[in-house]
Amino acid sequence: MPELPEVETICRAIRPHVIGRTITGVQTCVPRLRHPLDQDALSNHLVGRRIHDIRRRGKYIILELDDGGALVIHLGMTGSFRICPPEEPLHRHDRLVWTLSDGQHWRFQDIRRFGMAVICHLAKPGAEPTILAHLGPEPLGVAFTADYLIAAFKTHTRPIKNALLDQRLVAGLGNIYVNEALFDARISPLRPSDTLTRAECERLIVAVKKVLSASLESGGTTISDFKSVDGSEGKFALHLNVYGRENLPCPRCGSSHTIRRLVQAGRASFHCPGCQR
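Residues numbered from 1 in each chain as written. Predicted model: local features only at pLDDT ≥ 70, side-chain atom pairs only at ≥ 80, totals over all residues. Heavy atoms only, no water.

A. Just the sheet that holds strand β7 (residues 105–110), in detail. Ordered in space as β1-β6-β7-β5, the four strands form an open sheet in which the pairing is antiparallel. Sheet topology places β1 (23–28) and β5 (79–84) at the edges, where each strand pairs with a single neighbour. Within this sheet the neighbouring strands show an average axis-to-axis angle of 15°, counted without direction. With six bridges joining them, β5 and β7 adopt antiparallel strand pairing. When the bridges of β7 are listed, Ser80 appears paired with Gln109. (Pairing = 2+ DSSP bridges. Helix = DSSP H or I, 4+ residues; strand = E, 2+ residues; numbered from the N terminus. Axes fitted to C-alpha atoms, helices over the stretch in contact; angles between N-to-C directions.)

So, in structure tokens, the structure goes:
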């Protein structure tokens, strides 16, 4: 599933193609994704509206329109965008097509149909849609601090790995980057959240921001399906320390310890038992 760096990379890539354009047509290619796709409702709300902004919140994309309306998009497990000329044949997995005022098509492809595109209204320009009010702070934002984590972890005994994947606690983190951040911070994914010290929380904050920033510079991480708007793959997979490296030597400990894999809440965790405590 695309995580924060991948979604941000896509927003940055598509922004020059859509900002200031007017939506002149909408085509739904399937009746539903995660939620139903209502052709008439989408056309009524989108056609004739100018795209004012496109931005990210957590793993969601907010398409803000000039009339106060918005479309909240989630890429699901395998979603991607592309900009193409209208004469290009529809691909098998194209699910939603916007025609823009410059004549180009903006197409949403989603192989597994776990994505979403939901119409909503914004209280004011730049506001957060109410359907995203449950999300926690952005991990690259000023509100994501050691004080925040200490307060949030105080009543949680669940493993730190599971806590960080909770989008109500922090928005945008996913399995790859939580594994990498915990390794960077030398914290075991098995540690109960409420046992982390202030020093460990401070290390974790630094590690999360470091890993996400590095991935953004590399255009995200491609493990299987992720591609940016131009078809390019994220290069951060070349810099992963633990994710997907089961039985390989720990980059920090060397051959004295190998990376272990375990499953937590149905997700694979990779860690070094030697240096992550």
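Having seen the structure, we can now continue with the description.
B. Focus on the packing of aromatic side chains. For the coordinates displayed, the defined rule picks out five aromatic pairs. Aromatic pair Phe81 and Trp106: ring centres 5.2 Å apart, planes at 80°, arrangement edge-to-face. With Phe81 in strand β5 and Trp106 in strand β7, the pair connects residues that are 25 residues apart, well separated along the chain. With respect to burial, Phe81 and Trp106 carry one shared label: buried. In this structure an aromatic cluster arises from ring pairing among Phe81, Trp98, Trp106 and Phe108. Positioned above the aromatic ring of Phe183, the side-chain terminus of Arg252 is 4.0 Å from the ring centre. (Phe/Tyr/Trp six-rings, centres within 6.5 Å; stacked < 30°, edge-to-face > 60°. Buried < 20%, exposed > 50% of the residue type's maximum accessible area, 1.4 Å probe, protein only. Lys NZ or Arg CZ within 6 Å of the ring centre and 35° of its normal.)

C. Examining the packing of helix α5 (residues 175–184) against helix α6 (residues 198–217) more closely. Across the interface, α5 lies against α6 with an axial gap of 8 Å and an inter-helix angle of 130°. Considering the angle they form, α5 stands oblique to α6. When you trace α5 past α6, the crossing you get is right-handed. Two secondary-structure elements touch here, α5 through Tyr177, Glu180, Ala181, Leu182 and Asp184 and α6 through Leu204, Ala207, Val208, Lys210, Val211, Leu212 and Ser215. Counted by class, the contact of α5 with α6 contains eight nonpolar, one polar and three charged residues. (Parallel < 35°, antiparallel > 145°, perpendicular 65-115°, else oblique. Left-handed = near helix turned anticlockwise from the far one by under 90°. Contact = heavy atoms within 4.5 Å. Nonpolar A, V, L, I, M, F, W, Y, C, P; charged D, E, K, R; others polar.)

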